[in-house]
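What follows is each chain in one-letter form.
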Amino acid sequence: MSITLIALIVGILTLSIRGQAKLITLSTYHRDSWVAYGINSKTVKSHNAYIWNLQHTKRLHNLNNYKNTTWYAMSAFTRTNTSKGPVYYKVSNGTNITGIVYGKYLSKYYVKPLNSFQTDQQYVNYLKTAQSQKLARGVMKLFPNSSVSLKLSQAALNQYNDSSNSMSHNYTDIQMNIYNNYAYSLSQWLTKKTATQRVAIFEKALDSNGYNAEKRASMSDYELGIYIRDNIGIGKPSTQLPIAKTIDDQEALNYQVVLAKEK
């Protein structure tokens, strides 16, 4: 009986110590809040990858039911009194879900550099499948009959660093209003809007300036240049933990959308 009582007391003390463990915020920096992540298919298995409530006491959702959702990491922490131990992220889907996820269940979004593609089809396949290109896919749907051009996308990206000014030399009837005035509305991640909501804002701007659905559908003789880097690093997809600054973060925001005709 004495042994049982001692074991019970030790168990209570252990629970008490665990209950007092603090949530330690790891070293991070301001811009890394709301960095985009997707699920890591290598670590997420059926029925065991959960989003917990903020107290980490109740399961809210199974990540397997949100395989195409973008999760925005708002902070990283451990459940110990040091920065050592399993890393968890406080995440949001940008609308109605906020919770805690084990860090290894997520993989940070990355974009591929344009010089890694050789053909239009390679680039289109990437835009249609990469987790990081949700915004690009939304924009492409707004111009259903305009063919994506890798060359024009590269010219748009390098417009202000290209001494040969390849866009104006190689293209005509450039729709500069779209290029200069409307595309930046896609950067509404600053107000914590989802990709779908931001594409809707972009579409509204187009509609109000004469590029309604009928006009956009008629632009089959235009090529579409598109490059979107939405607070995302360039490189190989990684499960980098904890949240860390990318070495090329200075240009993490880039929204290039332009239509033009090749000369």
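Values in this document were obtained by computation on a predicted structure and should not be read as measured data.

**Student:** Tell me what's going on with the overall build of the protein chain, and back it up with residues and numbers.
**Tutor:** Within the protein chain one finds eight helices and 14 strands. Taking all 263 residues of the protein chain together, the buried fraction comes to 43%. Residue pairs in contact within the protein chain that sit at least 24 positions apart in sequence constitute 69% of those at least 6 positions apart.

**Student:** Requested: an account of the layout of surface pockets, with residues and values cited.
**Tutor:** Of the pockets and cavities examined, the largest pocket occupies roughly 400 Å³. Around the largest pocket, the lining is made up of 22 residues, and of these T70, K134, T194, A195 and T196 lie nearest the centre. Of all the elements in the fold, those that place two or more residues in the lining of the largest pocket are α3 (134–142) and α7 (195–208). With five residues, α3 is the single largest residue contributor to the lining of the largest pocket.

**Student:** Lay out the pairing of strand β6 (residues 88–92) in plain terms, naming residues and giving numbers.
**Tutor:** Counting buried positions along β6 gives four out of five residues, so the element sits mostly inside the fold. Across five bridges, the pairing between β6 and strand β7 (residues 98–102) is antiparallel. Across the sheet, the residue bridging to S92 is T98, located in β7. Two successive antiparallel strands, β6 and β7, enclose a turn made up of five residues, where G94 displays a positive phi of approximately 90°.

**Student:** Could you give an account of the pattern of salt bridges, with specific residues and numbers?
**Tutor:** A pair can form between side chains of opposite charge whenever their charged atoms are brought close. Within this structure, the stated rule accounts for six salt bridges. A salt bridge links K261 to D173; the nearest nitrogen and oxygen atoms lie 3.8 Å apart. In this pair, K261 sits in strand β14 (residues 253–262) while D173 sits in the loop between β11 (171–172) and α6 (176–182), placing the two residues 88 residues apart along the sequence. Taking relative accessible area as the criterion, D173 reaches 35% and is therefore assigned partly exposed. The partner of D207 in a salt bridge is R216, and the shortest N-O contact between them spans 2.9 Å. By relative accessible area, D207 is classed as partly exposed at 36%. Here R216 falls in the buried class, since its relative accessible area comes to 3%.

**Student:** Pulling in residues and values, what's your account of the nonpolar core?
**Tutor:** Judged by nonpolar contacts, the single largest core of 39 residues is most densely connected at Y123, F143, I178, F202, I226 and V257. Looking at this core, the elements with two or more residues in it are α2 (120–129), α3, α6, α7, β12 (223–230) and β14. Other than its neighbours up to four places away in sequence, I226 contacts Y123, L127, A136, V139, M140, V148, S153, Q256 and V257. If you look at the next biggest cluster of nonpolar residues, it comprises 17 residues, including V35, L63, A73 and V91.

Cut-offs used in this document
Residues numbered from 1 in each chain as written. Predicted model: local features only at pLDDT ≥ 70, side-chain atom pairs only at ≥ 80, totals over all residues. Heavy atoms only, no water. Helix = DSSP H or I, 4+ residues; strand = E, 2+ residues; numbered from the N terminus. Buried < 20%, exposed > 50% of the residue type's maximum accessible area, 1.4 Å probe, protein only. Contact = heavy atoms within 4.5 Å. 1 Å grid on protein atoms, 1.4 Å probe; cavity = no way out; pocket = protein on both sides within 12 Å on 5 of 7 lines; lining within 4 Å. Points joined across faces, edges and corners; volume = space filled by probe spheres on them. Pairing = 2+ DSSP bridges. Salt bridge = Lys/Arg side-chain N within 4 Å of Asp/Glu carboxyl O. Core = buried A, V, L, I, M, F, W, Y, C linked by side-chain atoms within 4.5 Å.

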